[in-house]
Amino acid sequence: MATSTTYKDESRPFASNTGTRPMNPTSIQMSNLTSEDPRQSANDGVGACGWILVILSYFLVLITFPFSLCICIKVVQEYERAVILRLGRILPGGAKGPGLFFILPCIDTIIKVDLRTATFNVPPQEVLTRDSVTVSVDAVVYSRVYNPVISVTNVKDTQYATQLLAQTTLRNILGTKSLQEILCDREIIAQSMQGHLDEGTEPWGVKVERVEIKDVRLPQSMQRSMAAEAEASREARAKVIAAEGEQKASRQLKEAADVIAESPIALQLRYLQTLTHISAEKNSTIIFPIPVELLNLVKR
């Protein structure tokens with residue numbers, strides 16, 4: 001019937017990864033329903049009326065040749081696959097494409113599935129963390145369809161379903177984390193969210209490739225409280241550093257005083273050094289250092 005090659009999951013590089021994951025009984029039943037039953041019963045279950053419609057469709061193509069080629073020949077791009085339903089049943093061979101293929105008018109329905117990676121934003125979710133703090137978190141999800149047949153038969157809109165599942169998964173995961181873990185462990189949260197999403201979208205034929213946490217927004221009151229706490233912590237550390245500096249300076253001054261006490265002339269030399277330093281700035285004030293010994297003589 002179709003002239004193009006059929007699409008197989010084994011031809012894509014990520015088919016081995018999805019095949020090694022354990023599947024629950026529900027997904028096994030879904031895959032059997034979508035991969036075995038339609039292919040086995042596509043031609044067997046049409047019945048006599050169905051075969052009559054097929055013959056009439058071929059006859060219609062012959063009598064309208066070559067104008068019927070405009071309707072019967074379809075093209076899908078390299079990044080697309082076509083799922084063909086004949087009288088409501090999927091044709092044997094799975095998805096068709098890429099390239100040219102032939103369909104019968106009136107009885108065949110074609111559904112094109114895009115295999116490229118789709119990106120969508122998870123709307124900001126208001127979440128109450130484990131330590132009773134309200135935060136608003138949004139994320140970005142990258143996903144793509146790896147099985148067109150399952151994506152058509154098992155879910156109505158893969159993009160919308162994946163987006164809703166991402167919202168609920170984000171809320172459930174963040175509800176078990178504290179504020180400190182949400183702020184510091186974004187990569188771990190993103191990986192956990194990707195695993196849950198990949199497991200949930202597997203029966204839909206969707207592969208979640210990557211999840212990224214975009215932003216974590218706190219309430220204004222919480223931001224002010226955290227800023228005040230950080231400022232108080234910095235001031236406390238500054239006071240401790242200043243006190244340690246004063247302590248070290250006092251010890252150095254005590255040692256200097258002990259050295260000066262051993263040699264009284266050292267104080268006079270210090271006076272001269274200070275005078276030299278002041279005179280270098282071209283000041284009009286003249287300072288005469290008076291030795292402390294003269295003051296002692298005056299008191300006597």
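Not measured: the values here are computed from a predicted model. (Residues numbered from 1 in each chain as written. Predicted model: local features only at pLDDT ≥ 70, side-chain atom pairs only at ≥ 80, totals over all residues. Heavy atoms only, no water.)

Trainee: Before we go on, may I ask you to explain unusual backbone geometry in this structure?
Mentor: Trans peptide bonds make up the majority, and among non-glycine residues the majority have a negative phi. Positive phi, close to 55°, is recorded for Leu87, a residue that is not glycine. Among the secondary structure elements, Leu87 is positioned in the loop between β2 (80-86) and β3 (89-90). Given the relative accessible area of 34%, Leu87 is considered partly exposed. With a phi angle near 60°, Ser132 is a residue other than glycine that sits in the positive phi range. Along the polypeptide, Ser132 turns up in the loop between β6 (118-128) and β7 (134-145). (Helix = DSSP H or I, 4+ residues; strand = E, 2+ residues; numbered from the N terminus. Buried < 20%, exposed > 50% of the residue type's maximum accessible area, 1.4 Å probe, protein only.)

Trainee: Would you mind showing me how to read the pattern of salt bridges here?
Mentor: Opposite charge on two side chains lets them pair, provided their charged atoms get close. Applying the stated criterion to the full structure yields eight salt bridges. Ionic pairing is found between Arg130 and Glu181, a salt bridge with its closest N-O pair at 3.4 Å. Remark: Glu181 occurs in helix α8 (residues 179-184) and Arg130 occurs in the loop between β6 and β7; sequence separation between them is 51 residues. Sharing partners across several salt bridges, the network here consists of Asp138, Asp215 and Arg217. (Salt bridge = Lys/Arg side-chain N within 4 Å of Asp/Glu carboxyl O.)

Trainee: Just to check I follow, could you spell out the packing of aromatic side chains for this structure?
Mentor: Here a ring pair, both rings aromatic, is described through the centre-centre distance and the interplanar angle of the planes. Counting across every chain of the model gives zero aromatic pairs. Above the plane of the ring of Tyr79 lies Arg116, whose end atom (NZ or CZ) is 3.9 Å from the centre. (Phe/Tyr/Trp six-rings, centres within 6.5 Å; stacked < 30°, edge-to-face > 60°. Lys NZ or Arg CZ within 6 Å of the ring centre and 35° of its normal.)

Trainee: Explanation requested: the sheet that holds β7 in the structure shown.
Mentor: Within a beta sheet, neighbouring strands are joined by backbone hydrogen bonds and run either parallel or antiparallel to one another. Strand order across the open sheet formed by three strands is β6-β7-β8, with antiparallel pairing between neighbours. Of all the strands in the sheet, the pair left with one neighbour each is β6 and β8 (206-217). Here the strands of the sheet are splayed against their neighbours by 25° on average, with no regard to which way each runs. Bridge count for β6 against β7 is nine bridges, and the pairing is antiparallel. Within the sheet, the bridge partner assigned to Ala118 lies in β7 and is Ser143. Packed onto the sheet, helix α7 (residues 158-174) meets β6, β7 and β8 and runs at close to 30° relative to β6. Packed onto the sheet, helix α9 (residues 186-201) meets β7 and β8 and runs at close to 145° relative to β8. (Pairing = 2+ DSSP bridges. Axes fitted to C-alpha atoms, helices over the stretch in contact; angles between N-to-C directions. Contact = heavy atoms within 4.5 Å.)

Trainee: I'm lost on α7 in this one. Help?
Mentor: Given 3.6 residues per turn, any residue in an α-helix points the same way as the ones three and four places further on. Spanning 17 residues, α7 covers 24 Å between terminal C-alpha atoms, matching the ideal 24 Å at 1.5 Å per step. Within the span of α7, buried status applies to Thr158, Ala161, Thr162, Ala166, Gln167, Thr169, Leu170, Ile173 and Leu174. Buried residues along α7 sit in contact with β6, β7, α6 (148-153), α8, α9 and β8. The distance from a side-chain oxygen at the start of α7 to the backbone nitrogen of Gln159 is 3.3 Å, and the residue carrying that oxygen is Asp157. (Expected span 1.5 Å × (residues − 1). Polar contact = N/O pair within 3.5 Å; in protein donor to acceptor, adjacent residues only side chain to side chain.)

Trainee: Even after reading the chapter, I still don't get the layout of surface pockets, so can you show me in this structure?
Mentor: Where empty space is left in the structure can be found by rolling a water-sized probe over the atoms. The space that makes up the second largest pocket amounts to roughly 240 Å³. Contributing to the lining of the second largest pocket are 16 residues, with Asp114, Val145, Asp157, Thr158 and Gln159 lying nearest its centre. Put simply, the parts of the chain that give the lining of the second largest pocket at least two residues each are β5 (108-114), β7, α6 and α7. For the lining of the second largest pocket, the class distribution of residues is six nonpolar, five polar and five charged. (1 Å grid on protein atoms, 1.4 Å probe; cavity = no way out; pocket = protein on both sides within 12 Å on 5 of 7 lines; lining within 4 Å. Points joined across faces, edges and corners; volume = space filled by probe spheres on them. Nonpolar A, V, L, I, M, F, W, Y, C, P; charged D, E, K, R; others polar.)

Trainee: Honestly, the state of the cysteines in this entry has me stumped. Any pointers?
Mentor: Between two cysteines, a covalent bond joining their sulfur atoms is known as a disulfide. On inspection of all chains with the given rule, the structure shows zero disulfides. Looking at the unpaired Cys106, the closest cysteine sulfur is the one in Cys72, lying at 9.0 Å. (Disulfide = S-S within 2.5 Å.)

Trainee: Which parts of the structure should I look at to understand the sheet that holds β2?
Mentor: An order of β3-β2-β5 is seen for the three strands of this open sheet, with the pairing classed as antiparallel. A strand with exactly one partner marks an edge of an open sheet, and here the two such strands are β3 and β5. With two bridges joining them, β2 and β3 adopt antiparallel strand pairing. From the neighbouring strand, Arg86 faces β3, where its bridge partner is Arg89.

Trainee: Please explain the side chain of Asp108 as it appears in this structure.
Mentor: Relative to the elements of secondary structure, Asp108 occurs in strand β5. In this structure the side chain of Asp108 is engaged in a polar contact, spanning 2.7 Å, whose partner is the side chain of Arg86. Within the local environment of Asp108, its side chain forms a polar contact with the backbone nitrogen of Leu104, the two atoms lying 2.8 Å apart. Those residues in contact with Asp108, other than ones at most four positions away along the chain, are Ile84, Leu85, Arg86 and Ile103.

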